[in-house]
Amino acid sequence: MTDFTEANRKYFDQMAATYKDRFANTMKTLSEQTSKHRFWISDRWTDTEAGKGQEIKMLEYACGPGVISMTLAPFLTQVVGVDVSDNMVDEFNRNANAVGMTSKMTGYKADLLADSVPTEFSGPEFNEFDVVTVSMALHHFEHPDIALQKLAKRLKNGGVCFIIDLVPHSGHGHDHGHSDDHSHDHSHDHDHGHSHGHNEHVKHQQEFGDAAHTVKTHGFSKEDMQKLFHGAGLSVKFDYEVLPEPLVFTKEERTFEKTAFIARAQLL
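Note that the coordinates shown come from a computational prediction; the quantities given were computed from them, not determined experimentally.

Caption draft 1: Spotlight on the packing of helix 6 (residues 144-152) against helix 8 (residues 222-231). Remark: helix 6 packs on helix 8, axes separated minimally by 8 Å, with the N-to-C direction vectors making an angle of 45°. Relative to helix 8, the element helix 6 is oriented oblique. The interaxial crossing formed by helix 6 with helix 8 has right-handed handedness. The residues of helix 8 that touch helix 6, namely those facing Pro144, Asp145, Leu148 and Gln149, are Met225, Leu228, Phe229 and Gly231. Of the residues that constitute the contact of helix 6 with helix 8, the class distribution is five nonpolar, two polar and one charged.

Next up, the structure:
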């Protein structure tokens, strides 16, 4: 686990107990938008002609409390949640029990993006997924491009990956959405005398507050996601939609709205 991933693990371990209350409105919006986009994401669910009678598996990586998993579990035969945070995995499993989905939903602690992944996560139950999703977490990944490449390998042929994340902030002077542009990918180093870098650092702190040190990318444009998907071999039926409802966050008694998107593509 890299230092950056460890910083995320610690932050979300501390956040886990209050996450549902703190982000209740955001979780509600994400669930509603996922439901509305279900047939846009895929035509293979247990209640559709294309998926009826089949085993249909989903991996939610960086699953947190499992809002996407809980939303889609009724239309799947198996849901695997994976997170680097022990406490978030506990929340995932607790929520699965609360909604009566423990027979389908199970959360595990693991870093599937590490250079060396434990062998227990290489078996068939952790591969050949019909759907892989990352919701509101890609901007926390140190290398989003490598992350999608690794996650795509866990899809079956024809499987779908869908991402929900933030649209880049229009106020940024340069685009942080290009994950392969590592000149802008330095874990938020302190400015070295350049006023432009200082301004970006201040904006970053204002935008993400106490989570700023865990954020790597300021959002992803349609072009960014198309490039990321293509680099992961996910080049079939790409689509990207900006969600009509903003995500509402409250930090230090101030309310912020962020625009999010949903993007999807399939593995050849």
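Next, the rest of the story.
Caption draft 2: Seen up close, the packing of aromatic side chains. Tallied over the entire structure, the rule returns seven aromatic pairs. Each residue in the set Tyr108, Phe121 and Phe126 is aromatic and connected to the rest through ring pairs, giving one cluster. Positioned over the ring face of Phe75 is Arg38, at 3.5 Å from the centre of the ring. Lying over the aromatic face of Phe129, Lys57 brings its terminal NZ or CZ to 4.7 Å of the ring centre.

Caption draft 3: Here's a closer look at the sheet that holds strand 6 (residues 236-242). Spatial strand order, 3-2-1-4-5-9-6: seven strands in an open sheet with mixed pairing. The outermost strands of the open sheet, each flanked by one partner alone, are strand 3 (105-109) and strand 6. Pairwise comparison of adjacent strand axes, ignoring direction, gives a mean angle of 15° for this sheet. Of the strand pairs in this sheet, strand 4 (residues 129-135) and strand 5 (residues 155-166) are connected by six bridges, and their pairing is parallel. The residue bridging Val134 from the neighbouring strand is Ile163, located in strand 5. Here helix 8 sits on the sheet in contact with strand 5, strand 6 and strand 9 (260-266), set at roughly 150° to strand 6.

Caption draft 4: Inspection of the side chain of Arg154 at higher detail. Among the secondary structure elements, Arg154 is positioned in the loop between helix 6 and strand 5. Although Arg154 is buried, it forms no salt bridge, and the closest oppositely charged side chain is Glu125 at an N-O distance of 8.9 Å. Ignoring sequence-local partners within four residues, the contact set of Arg154 consists of Leu59, Leu112, Val117, Phe121, Phe126, Asn127, Glu128 and Phe129.

Caption draft 5: A look at the environment of Ser103. In this fold, Ser103 is placed in the loop between helix 5 (86-98) and strand 3. Residue class for Ser103 comes out exposed when judged on its relative accessible area of 69%. Counting along the chain gives 24 residues from Ser103 to Val79, while the straight-line C-alpha distance between them is 9.3 Å.

Caption draft 6: Layout of the side chain of Ser69. Here Ser69 shows up in helix 4 (residues 67-72). The contacts of Ser69, once residues within four sequence positions are left out, are Met58, Glu60, Val79, Phe92 and Met105.

Caption draft 7: Structural detail: the environment of Thr77. With respect to the helices and strands, Thr77 occurs in the loop between helix 4 and strand 2 (78-83). The spatial distance from the C-alpha of Thr77 to the C-alpha of Ser103 is 9.0 Å, given a sequence separation of 26 residues. Residues in contact with Thr77, not counting those within four places in the same chain, are Thr46, Gln54, Glu55, Ile56, Lys57 and Lys104. Engagement of the side chain of Thr77 in a polar contact is seen with the backbone nitrogen of Ile56, the distance being 2.7 Å.

Caption draft 8: Spatial organisation of unusual backbone geometry. Positive phi, close to 55°, is recorded for Ala62, a residue that is not glycine. Structurally, Ala62 can be placed in the loop between strand 1 (57-61) and helix 4. Positive phi values are uncommon outside glycine, yet Met136 reaches one of about 55°. For Met136, the location among the structural elements is in the loop between strand 4 and helix 6. With a relative accessible area of 14%, Met136 lands in the buried category.

Caption draft 9: Broad picture of the pattern of salt bridges. Evaluation of the coordinates by the stated rule reveals six salt bridges. Between Asp86 and Lys109 there is a salt bridge, with its nearest N and O atoms 3.2 Å apart. Of this pair, Asp86 sits in helix 5 while Lys109 sits in strand 3, and the two are 23 residues apart along the sequence. The class for Asp86 is partly exposed, based on a relative accessible area of 35%. Between Arg94 and Glu91 there is a salt bridge; the shortest N-O distance is 2.4 Å. Of this pair, Arg94 and Glu91 are both found in helix 5, three residues apart, which corresponds to roughly one turn of the helix. For Arg94, a relative accessible area of 48% translates into the label partly exposed. In this structure, a network of salt bridges that share partners links the residues Arg44, Asp130 and Lys156.

About the thresholds
Residues numbered from 1 in each chain as written. Predicted model: local features only at pLDDT ≥ 70, side-chain atom pairs only at ≥ 80, totals over all residues. Heavy atoms only, no water. Axes fitted to C-alpha atoms, helices over the stretch in contact; angles between N-to-C directions. Helix = DSSP H or I, 4+ residues; strand = E, 2+ residues; numbered from the N terminus. Parallel < 35°, antiparallel > 145°, perpendicular 65-115°, else oblique. Left-handed = near helix turned anticlockwise from the far one by under 90°. Contact = heavy atoms within 4.5 Å. Nonpolar A, V, L, I, M, F, W, Y, C, P; charged D, E, K, R; others polar. Phe/Tyr/Trp six-rings, centres within 6.5 Å; stacked < 30°, edge-to-face > 60°. Lys NZ or Arg CZ within 6 Å of the ring centre and 35° of its normal. Pairing = 2+ DSSP bridges. Buried < 20%, exposed > 50% of the residue type's maximum accessible area, 1.4 Å probe, protein only. Lys, Arg positive; Asp, Glu negative; His and termini not counted. Salt bridge = Lys/Arg side-chain N within 4 Å of Asp/Glu carboxyl O. Polar contact = N/O pair within 3.5 Å; in protein donor to acceptor, adjacent residues only side chain to side chain.

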